[in-house]
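Now for the letters of each chain:
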Amino acid sequence: MNWVVAILCTMLRTVAERFGPSSLSTEEVLKVNASRLREQFDQWLKEPDAYHQRALRECSAFPEGRIYPFAIPALGYANMGLGDAKQRQHSAAQMQKLIDLLISTVIEDISPPGGDLNRLPHYQKEGTRLATLNLTLACYALIWDDGRYGSLHDRVSLLLRRALTEGSGKPLASYPAYTWYFDTIMALVSLELYDRAHGLAQTGPLIEQHFAWLRSHATDTGTGLPVAYEGGLPRGCDLSMQICLLQQVDSRTAQRLYADYVQHHWVNFGFIAGFREWPKSKGPSSTGDIDSGPLILGIGPTATGVGIGAAKAVSDANRLSTLARQLKLLPGFLRLLEQGGQQLFGDSVRVSSQYVTGFLYGDAVLFYAITWVPYPGAAKETTKSTGEKH
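Keep in mind the model is a prediction, meaning the values are calculated, not measured.

For the rest of this paragraph, the subject is the overall build of the protein chain. In terms of helices and strands, the protein chain carries 15 helices and four strands. Taking all 390 residues of the protein chain together, the buried fraction comes to 57%. With the model as given, the accessible surface of the protein chain reaches about 16200 Å², and the carbon-plus-sulfur share is 52%.

All right, on to the environment of Pro121 then. Its location among the elements puts Pro121 in the loop between α5 (88-110) and α6 (127-143). Look at Pro121 and you get partly exposed, because its relative accessible area is 43%.

All right, on to the nonpolar core then. Core analysis: the largest hydrophobic core is formed by 112 residues, its most contacted members being Tyr51, Met95 and Tyr368. Broken down by element, this core gets its largest block of residues, ten residues, from helix α4 (residues 68-83). Look past the residues within four positions of Met95 in its chain and what remains in contact with it is Ala74, Tyr77, Ala78, Thr136, Cys139, Tyr140 and Ile143.

Further remarks concern the side chain of Asp183. Relative to the elements of secondary structure, Asp183 occurs in helix α8 (residues 182-198). No salt bridge is formed by the buried Asp183. Its closest oppositely charged neighbour is Arg129, at 9.8 Å. Among the polar contacts listed, one links the side chain of Asp183 to the side chain of Ser174, at a separation of 2.5 Å. Filtering out sequence-adjacent residues up to four positions away, Asp183 remains in contact with Tyr68, Gly127, Thr128, Ala131 and Ser174.

A few words on the packing of helix α2 (residues 26-44) against helix α15 (residues 360-370). It is at 10 Å that the axes of α2 and α15 come closest, and there the two elements cross at 130°. Put simply, α2 runs oblique to α15. Pair α2 / α15 crosses with left-handed handedness. Residue-level contacts link Leu30, Asn33, Ala34, Leu37, Arg38, Gln40, Phe41 and Trp44 of α2 to Leu360, Asp363, Ala364, Leu366, Phe367 and Ile370 of α15. Within the contact of α2 with α15, the residues separate by chemical class into ten nonpolar, two polar and two charged.

For the rest of this paragraph, the subject is the pattern of salt bridges. One pass over the full model with this rule turns up 13 salt bridges. Here Arg54 makes a salt bridge to Glu58, at a shortest N to O gap of 3.6 Å. Residue Arg54 and its partner Glu58 are located together in helix α3 (residues 48-59), separated by four residues, close to a single helical turn. The class of Glu58 is partly exposed, set by a relative accessible area of 24%. With a shortest N-O distance of 2.6 Å, Arg129 and Glu126 are connected by a salt bridge. The burial state of Arg129 is the same as that of Glu126; both residues are buried. What you see here is one network of salt bridges that share partners, running through Arg66, Glu108, Asp109, Glu126 and Arg129.

The subject of this paragraph is the layout of surface pockets. Quantified by volume, the second largest pocket comes out at close to 450 Å³. If you trace the second largest pocket, you find 17 residues lining it, with Glu27, Lys31, Lys312, Ile370 and Thr371 closest to the centre. Counting residues per element, the lining of the second largest pocket draws most heavily on α2, at six residues. Looking at the lining of the second largest pocket, its residues break down into seven nonpolar, five polar and five charged.

Right, let's talk about unusual backbone geometry for a bit. Positive phi, normally seen in glycine, also occurs at Leu297, with a value near 55°. Look at Ser315: it is not a glycine, yet its phi comes out positive at around 60°. Along the polypeptide, Ser315 turns up in the loop between α12 (301-313) and α13 (317-327). According to the relative accessible area criterion, Ser315 is partly exposed, its value standing at 39%.

With respect to the secondary-structure elements, Pro301 resides in helix α12. Separated by 65 residues in sequence, Pro301 and Gly236 place their C-alpha atoms 9.3 Å apart. Ignoring any residue separated from it by four or fewer positions in sequence, one finds Pro301 in contact with Ser292, Gly293, Pro294 and Leu295.

Conventions used here
- Residues numbered from 1 in each chain as written.
- Predicted model: local features only at pLDDT ≥ 70, side-chain atom pairs only at ≥ 80, totals over all residues.
- Heavy atoms only, no water.
- Helix = DSSP H or I, 4+ residues; strand = E, 2+ residues; numbered from the N terminus.
- Buried < 20%, exposed > 50% of the residue type's maximum accessible area, 1.4 Å probe, protein only.
- Areas by Shrake-Rupley, 256 points an atom, 1.4 Å probe, with all protein chains shown as cover.
- Core = buried A, V, L, I, M, F, W, Y, C linked by side-chain atoms within 4.5 Å.
- Contact = heavy atoms within 4.5 Å.
- Lys, Arg positive; Asp, Glu negative; His and termini not counted.
- Salt bridge = Lys/Arg side-chain N within 4 Å of Asp/Glu carboxyl O.
- Polar contact = N/O pair within 3.5 Å; in protein donor to acceptor, adjacent residues only side chain to side chain.
- Axes fitted to C-alpha atoms, helices over the stretch in contact; angles between N-to-C directions.
- Parallel < 35°, antiparallel > 145°, perpendicular 65-115°, else oblique.
- Left-handed = near helix turned anticlockwise from the far one by under 90°.
- Nonpolar A, V, L, I, M, F, W, Y, C, P; charged D, E, K, R; others polar.
- 1 Å grid on protein atoms, 1.4 Å probe; cavity = no way out; pocket = protein on both sides within 12 Å on 5 of 7 lines; lining within 4 Å.
- Points joined across faces, edges and corners; volume = space filled by probe spheres on them.

Written out as structure tokens, the structure is:
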């Protein structure tokens, strides 16, 4: 059993689903999967130390495998708390566990003076870790502002703001050795949320400066989309998440980006649909990597999974419905892969049907995407139809 057989079986089931009666609405499909994911993380977080070990063991192959398994589910819990006031206390308690694990891992990786992040003198070219941490702290404050992480949030916000101001629009370094432009977007969103919480208006100019820099230095001439890194191309895994975040701070930019993204990355073959990892101009035979996941006719699993959040963010009901229908097929698809002992990227990631997506890292990301909600103060707009097949 391999990917080809599993894909063919899923294609047949998709056709049957498409022409057969649908028992669940889009909202119900998303709610069912969100509940399953929340219950799964609830169970794991009964023993935070055990979850910590599981996450590091199973997610080590991923570039952000030491931070995203803690930060991204925390953002998912924040979404649930914002979406339902009755869940706020529980969501805050779970976020605390995940944030504490995240902080300990960031301390271990960055080695701040005295093991205290409050003593960091500058951001140390650690944009990924600090921006991710800061966004998580900002979202915790949205649902449960008890001051628990107040001093740390103040310090990390100061370091990121100072670095962005000094850069005059240039991106932060993700790590000392390389830069993904997405991390600057995450940092800017975290700072805008900090501003809102403290009655400030300092981040708007920084956002404008960075967007100007992207237009001048990091825009793909063929698509008009931002590239993921210097010398690279626009990437679906990057763009889907950008749209989720940008809708929280700059709806018009998010809407324009989504429209261009759909034009150059969305495909619908009838039996399968989703966002390509690479622009359509690159062709269907392009390969994926650990960030994108294994590509199917150019469609990226990460781009498409996070694309659920992007479609929610811009109120693209048609594509959201298409993607939700495909979620219903995941269990059968994963069982086929599991029976064949399927592994991703060598021995790095083994598929297991105990996970909604087949692996822990994917579940963390999907939990955030399908629970996406607007943060307080976010603009509300709806996307216009692109006229393309949904």
